[in-house]
2 protein chains.
Amino acid sequence: MSTSGFKRVPAIEKCFAILRLLTKSKAAMGITGISRALRYNKSTVFNIVHTLSDLGILEQMPDNKFNLGTDLYLLSRAAGKSSELIQIVHPYLEEINKKTKLSAFLGIRSGMRAVILDKVDSAFDIKISSEVGMRLPLLGGAGGRALLSQLPDREIERILAKEELPKFTPQSCVDKKRYLMMIRKAREERIAFDDEEYIEGIYAFAVPFRTGRQNLQTALWAVGLKRQVPKEMVQQFSELLKKMASGIEARFQLR
Amino acid sequence: MSTSGFKRVPAIEKCFAILRLLTKSKAAMGITGISRALRYNKSTVFNIVHTLSDLGILEQMPDNKFNLGTDLYLLSRAAGKSSELIQIVHPYLEEINKKTKLSAFLGIRSGMRAVILDKVDSAFDIKISSEVGMRLPLLGGAGGRALLSQLPDREIERILAKEELPKFTPQSCVDKKRYLMMIRKAREERIAFDDEEYIEGIYAFAVPFRTGRQNLQTALWAVGLKRQVPKEMVQQFSELLKKMASGIEARFQLR
DNA sequence: ATTCTCTGTTCTCCATATCGAACATATGTT
DNA sequence: AACATATGTTCGATATGGAGAACAGAGAAT
């Protein structure tokens, strides 16, 4: 029995499945609701949620429904502070924002989503409306293509076979063969561009980087209004993002 | 076997004990370090941390040490959004801040600490350096006394018998009998004041409120420079905080 | 008032997680 | 290089948690 992939403590897996369910749920949920949604036994859910309630991780309402609790909130503020990925990358996002005046993002792939882990923009900037925690479509912009470019061809082809390419704007590419070529190009050139394909009027650069961890696709990307990115700055911004990605990779490999 | 106080799923209890330990730890920790700190069996810790690592709740470093992970961070952002206590109280903190220009806080008691769960101040305000997540000494200011005032006398007396009263400033009260009277006065008048007792130059008001939940002491408090609080405004600010606390209590009792 | 439906709670058996011991690997010391 | 120490990993016995069934209580429908 090896350590890879095997969930050794099912109670903990169930516990976080419940927490994630309550995260997605807009309302507090009861024991039967949780049991049905996750197909767990009611007595199992009963014991887990009461344990979590005692620990302050969940709050129990008077109507016997459960919501996320304040101790989870406090626990998680520490998690953001101590995540090595966020800590290492954050200063690079700040530098990208400072030099380009674009919003800078750190994201990872999660299934068919690009999840934003961190973001830097300034008080003076035009704010891009993606926030930390948001799950953007993977097949939707430069960030997604940069993340995809880190997958093997076989996996990319499997995804493209299964999913339709959404048409977000008139510029969106919906031809799968062409899309695959764009992902490969992103891999070769180590950068992806989004010229109004996901949101009209918006331009984005995204650069994948490696952290040495298996099964983790990471990218950083810069997003702004197209008019913030004159043609003559594209090359310069591209070089900057690649330089930042190289710096990040060096940080992960010095150990 | 009743639901009260009994930890039904020990693996979950151990799991959060590990997460809290890593929160407090300034560095990543290994299996043996966690095992020693919490007096758990190494194979138990081994299984739990690898399960958490697979779930993204912990990150495993190349040197086999574990740190808090990005999924915990993302989970937590939702927790702050859905905590009923924080959601109900937040608009009242905003109103306090707007009308008094003081920094407004929501806090709860945790052992001998006052833990800040939420805070509102404005761009224009002089910033008070307490942040969300901070654990302030319970015997240290208006907020702590407001929280203490919700405990039974016996518990307060037990705490005062056991702990020394710290002298933060020349104005700090270190006489236990007098301190007990101050807590009782806070209970009777439903407000506590801090006139440079915890930090010199700082004035604070704190008002306890009830949420209907057992074993939870909650208070809201407003803090600023003493010169922001002219004598003629003390009564007015006091009435405002009491009014906010009454509004909060009404919200918790309409159900 | 009675019955029905739904949710929460309790109890018990058995499949399994925890613990202790032993082993494997890495690092430090001589 | 050899040895000592520390940490991580594995295995099996046993104590125990999860699941299923039954029960209790609350609310809705008649």
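Nothing here was measured: the structure is a model prediction, and the numbers come from that model.

So what's going on with the interface of chain A and chain B? Residues and values would help.
Facing 54 residues of chain A, the contacting portion of chain B comprises 54 residues. Buried area between chain A and chain B, both sides added, is near 4,800 Å², and the carbon and sulfur share of it is 69%. Broken down residue by residue, the surface that chain A buries against chain B is led by Phe-16, Tyr-73 and Leu-75 of chain A, which jointly contribute 12%. Remark: the boundary between chain A and chain B carries 0 salt bridges. Applying the counting rule to chain A against chain B returns 4 residue pairs in polar contact (both at pLDDT 80 or more). Considering each element in turn, the side of chain A that touches chain B owes the most residues, 12 residues, to helix α4 (residues 70–82) of chain A. Grouping the amino acids of the side of chain A that touches chain B by side-chain chemistry returns 28 nonpolar, 15 polar and 11 charged.

Quick one: what's the story with the packing of helix α7 (residues 153–162) of chain A against helix α8 (residues 176–189) of chain A, residue by residue and with numbers?
For any two helices packed against each other, one specifies the inter-axial angle together with the distance between the axes. Residues and elements named next belong to chain A. In the contact formed by α7 and α8, the axes pass within 11 Å of each other and the chain directions differ by 150 degrees. One way to sum up the angle between α7 and α8 is to call them roughly antiparallel. Considering the relative orientation of α7 and α8, their crossing is right-handed. Taken together, the residues of α8 that come into contact with α7 (itself represented by Asp-153, Ile-156, Glu-157, Leu-160 and Ala-161) are Lys-176, Tyr-179, Leu-180, Ile-183, Arg-184 and Arg-187. A class-by-class count of the residues in the contact of α7 with α8 yields 6 nonpolar, no polar and 5 charged.

Help me get a handle on the relation of the copies chain A and chain B, residues and values and all.
For these two chains of identical sequence, chain A goes onto chain B by a turn of 180 degrees and a shift of 0.0 Å along the axis, with RMSD 0.2 Å. These values place the two chain copies in the arrangement generated by a two-fold rotation axis. Residues of chain A ranked by C-alpha distance from the rotation axis are headed by Ser-76 of chain A, positioned 2.3 Å from it. Residue by residue, 100% of the interface of chain A is reproduced at the interface of chain B, so both copies engage with the same surface.

Residue-level account of the protein's contact with DNA strand C, with values.
Close contacts around DNA strand C come from 19 residues, with Thr-32, Arg-36 and Phe-46 of chain A together with Ser-43 and Thr-44 of chain B the closest. Backbone atoms, meaning sugar plus phosphate, form 68% of the atoms of DNA strand C positioned within 4 Å of the protein. Contacts to DNA strand C include Thr-32 of chain A, whose backbone N or O atom sits 2.5 Å from a phosphate oxygen. At 3.4 Å from a phosphate oxygen of DNA strand C is found a side-chain nitrogen or oxygen belonging to His-50 of chain A. Only α2 (31–38) and α3 (42–54) of chain A together with α1 (10–24) and α3 (42–54) of chain B provide two or more residues apiece to the surface near DNA strand C. Examining the composition of the surface near DNA strand C, we find that 4 residues originate from one element, α3 of chain A, more than from any other. Residues belonging to the surface near DNA strand C are distributed by class as follows: 6 nonpolar, 10 polar and 3 charged.

Break down helix α8 (residues 176–189) of chain B for me, with residues and values.
Residues and elements named next belong to chain B. Under the 1.5 Å per step criterion, the end-to-end length of α8 is 20 Å for 14 residues, consistent within 8% with the ideal 20 Å. Residues of α8 that are buried include every one of Tyr-179, Leu-180, Ile-183 and Ala-186, and no others. The buried side chains of α8 occupy one side of the element, clustering within an arc of 115 degrees when seen end-on. Facing away from the buried side of α8 by over 90 degrees, the exposed positions are Lys-177, Arg-178 and Glu-188. Immediately beyond the C-terminal end of α8, within one or two residues, lies Arg-190, with a positive phi of roughly 60 degrees.

How would you sum up the pattern of salt bridges? Please name residues and give values.
All names here are of chain A. Per the stated rule, a full pass over the model turns up 24 salt bridges over all chains. The residue Glu-249 makes a salt bridge to Arg-210 at a minimum N-O spacing of 3.7 Å. With Glu-249 in helix α9 (residues 231–253) and Arg-210 in the loop between β7 (202–209) and β8 (218–225), the pair connects residues that are 39 residues apart, well separated along the chain. Glu-249 gets classed as buried once you look at its relative accessible area, which sits at 8%. Shared partners join several salt bridges into a network, and the residues in it are Asp-153, Glu-157, Arg-184 and Arg-187.

Here is what the cut-offs are and how they apply
Residues numbered from 1 in each chain as written. Chains lettered and ligands numbered in written order. Predicted model: local features only at pLDDT ≥ 70, side-chain atom pairs only at ≥ 80, totals over all residues. Heavy atoms only, no water. Contact = heavy atoms within 4.5 Å. Buried area = accessible area lost by both parts, 1.4 Å probe. Salt bridge = Lys/Arg side-chain N within 4 Å of Asp/Glu carboxyl O. Polar contact = N/O pair within 3.5 Å; in protein donor to acceptor, adjacent residues only side chain to side chain. Helix = DSSP H or I, 4+ residues; strand = E, 2+ residues; numbered from the N terminus. Nonpolar A, V, L, I, M, F, W, Y, C, P; charged D, E, K, R; others polar. Axes fitted to C-alpha atoms, helices over the stretch in contact; angles between N-to-C directions. Parallel < 35°, antiparallel > 145°, perpendicular 65-115°, else oblique. Left-handed = near helix turned anticlockwise from the far one by under 90°. Least-squares fit on C-alpha atoms with pLDDT ≥ 70 in both. Near = heavy atom within 4 Å. Expected span 1.5 Å × (residues − 1). Buried < 20%, exposed > 50% of the residue type's maximum accessible area, 1.4 Å probe, protein only. Arc of directions from axis to C-beta.

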